[in-house]
Amino acid sequence: MTPGPSFDLAVALLFAVPGPTNALIAVAGARRGARAIPIVAGAALVGFIVAVGALIGIAGPYFATRPALGLALRALCALLLARSSWRLWRAAGASAAKRDATSPADVLATSLVNPKGLIFAFAIFPPLANATQAIEVFVRFGSVALVVMSLWGLAGAALGQGAAHRIGAAMVDRVGAAVLAAFSVVVLATGVTG
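Residues numbered from 1 in each chain as written. Predicted model: local features only at pLDDT ≥ 70, side-chain atom pairs only at ≥ 80, totals over all residues. Heavy atoms only, no water.

## Describing the confidence of the model for the chain
Right, on to step 1. Per-residue pLDDT for the chain averages 81, and the proportion of residues at 70 or more is 84%.
Right, on to step 2. Between the elements of the chain, mean pLDDT differs from a low of 69, seen in helix α8 (residues 169–193), to a high of 91, seen in helix α5 (residues 104–112). (pLDDT = per-residue confidence, 0-100. Helix = DSSP H or I, 4+ residues; strand = E, 2+ residues; numbered from the N terminus.)

Below, the structure written as structure tokens:
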């Protein structure tokens, strides 16, 4: 069964919620303008597809019987988000040529460990009966995801133009870094408490 509009809406709504990947895409848009959006949104999509596919096909069944590994994975996710935050903070205000804190590789890595992947895999995606259905669902997912992530990038580009001039490019980067640090703490805290 191919998912319908309710699947599209669920994907769009979850991608619309602020998160670590959206923060990096918005900061990339703010720092480098709209030209950065297709590349970083594409990198994010690759990360989410790999993560969701691995969660559905491998990790879900494996971690269901090994809760300690799930906790270790959550700690690793928190560590990687903290690393992205630190890199963005350290590179604050530097020219795009001198830094790569919002590079496609950073966006890809952040998407791979984004907690939204768990929600997509275990709450939003329908059961995938065969390869044809999996392709259909992932294409639909990717189409919706690219639209919403591009909107995050465009919002960052629009806000960045004004914000970078008013408060400085370094502050724009540091706000993004603070958001990533907060997500890192939340991911770690929810792994420890429940």
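Moving on, there is more to tell.
## Some thoughts on the packing of aromatic side chains
Right, on to step 1. Summed over all chains, the structure comprises nine aromatic pairs.
Right, on to step 2. Here the aromatic rings of F15 and F48 are separated by 5.0 Å at their centres, their planes lie at 85°, and the arrangement is edge-to-face. Of the two residues, F15 is situated in helix α1 (residues 5–16) and F48 in helix α3 (residues 37–64); the sequence distance between them amounts to 33 residues. An identical accessibility class is assigned to F15 and F48; each is buried.
Right, on to step 3. On the numbers, 6.4 Å between centres and 85° between planes, the contact of F138 with F141 is edge-to-face. On the criterion of helical spacing, the pair formed by F138 and F141 is a turn pair, its members being three residues apart in helix α7 (residues 131–166). Of the two residues, F138 and F141, both sit in the buried class.
Right, on to step 4. Each member of the aromatic cluster is reached from another via a ring pair, and the members are F7, F15, F48, F120, F125, F138 and F141. (Phe/Tyr/Trp six-rings, centres within 6.5 Å; stacked < 30°, edge-to-face > 60°. Buried < 20%, exposed > 50% of the residue type's maximum accessible area, 1.4 Å probe, protein only.)

## Remarks on the packing of α1 against helix α6 (residues 116–124)
To describe two helices that pack against each other, one gives the angle between their axes and the distance between the axes.
Right, on to step 1. Where α1 meets α6, the axes come as close as 11 Å, and the angle between the chain directions of the two elements is 160°. With respect to their mutual orientation, α1 and α6 come out roughly antiparallel. Note that α1 runs across α6; the crossing there is right-handed. Contacts between α1 and α6 involve F7, A10, V11, L14 and F15 on the former and, on the latter, K116, I119, F120 and I124.
Right, on to step 2. Across the contact of α1 with α6, the residue classes break down as eight nonpolar, no polar and one charged. (Axes fitted to C-alpha atoms, helices over the stretch in contact; angles between N-to-C directions. Parallel < 35°, antiparallel > 145°, perpendicular 65-115°, else oblique. Left-handed = near helix turned anticlockwise from the far one by under 90°. Contact = heavy atoms within 4.5 Å. Nonpolar A, V, L, I, M, F, W, Y, C, P; charged D, E, K, R; others polar.)

## As for α5
An α-helix turns once every 3.6 residues. As a result, residues three or four positions apart point the same way.
Right, on to step 1. Looking at α5, one finds that the buried residues are D106, V107, T110 and S111. Each buried residue of α5 lies within a common arc of 130° when the element is viewed along its axis, so the set occupies one face. (Arc of directions from axis to C-beta.)

## Comments concerning the side chain of T110
Right, on to step 1. Inspection of the secondary structure assignment puts T110 in helix α5.
Right, on to step 2. Of the residues examined, T110 reaches a relative accessible area of 2% and is grouped as buried.
Right, on to step 3. Of the polar contacts made by the side chain of T110, one reaches the backbone oxygen of D106; its length is 2.9 Å.
Right, on to step 4. With near-sequence residues (within four places) excluded, T110 lies in contact with P20, T21, L24, L81 and S84. (Polar contact = N/O pair within 3.5 Å; in protein donor to acceptor, adjacent residues only side chain to side chain.)

## Looking at the packing of helix α2 (residues 20–32) against α5
Right, on to step 1. Two numbers describe how α2 lies on α5: the axes approach to 8 Å, and their chain directions differ by 165°. By the criterion of interaxial angle, the relationship of α2 to α5 is roughly antiparallel. The hand of the α2/α5 crossing is left-handed. Only D106, V107, T110 and S111 of α5 make contact with α2, whose side of the interface consists of P20, T21, L24 and I25.

## Examining the environment of V50
Right, on to step 1. Among the structural elements, V50 can be located in helix α3.
Right, on to step 2. Taking the relative accessible area as the measure of exposure, V50 reaches 47% and is therefore partly exposed.
Right, on to step 3. The spatial distance from the C-alpha of V50 to the C-alpha of L108 is 9.8 Å, given a sequence separation of 58 residues.

## Considerations on α6
Right, on to step 1. Among all positions in α6, only K116, G117, F120, A121 and I124 are buried. Projected down its long axis, α6 carries its buried residues within an arc of 140°, all on one side.

## Focus on the nonpolar core
Right, on to step 1. F7, V11, F15, F120, F125, F141 and M149 are the most contacted members of the largest nonpolar core, which totals 32 residues.
Right, on to step 2. In this structure F15 touches N22, F48, K116, F120, F141, A145, V148, M149 and W152, once residues within four positions along its chain are discounted. (Core = buried A, V, L, I, M, F, W, Y, C linked by side-chain atoms within 4.5 Å.)

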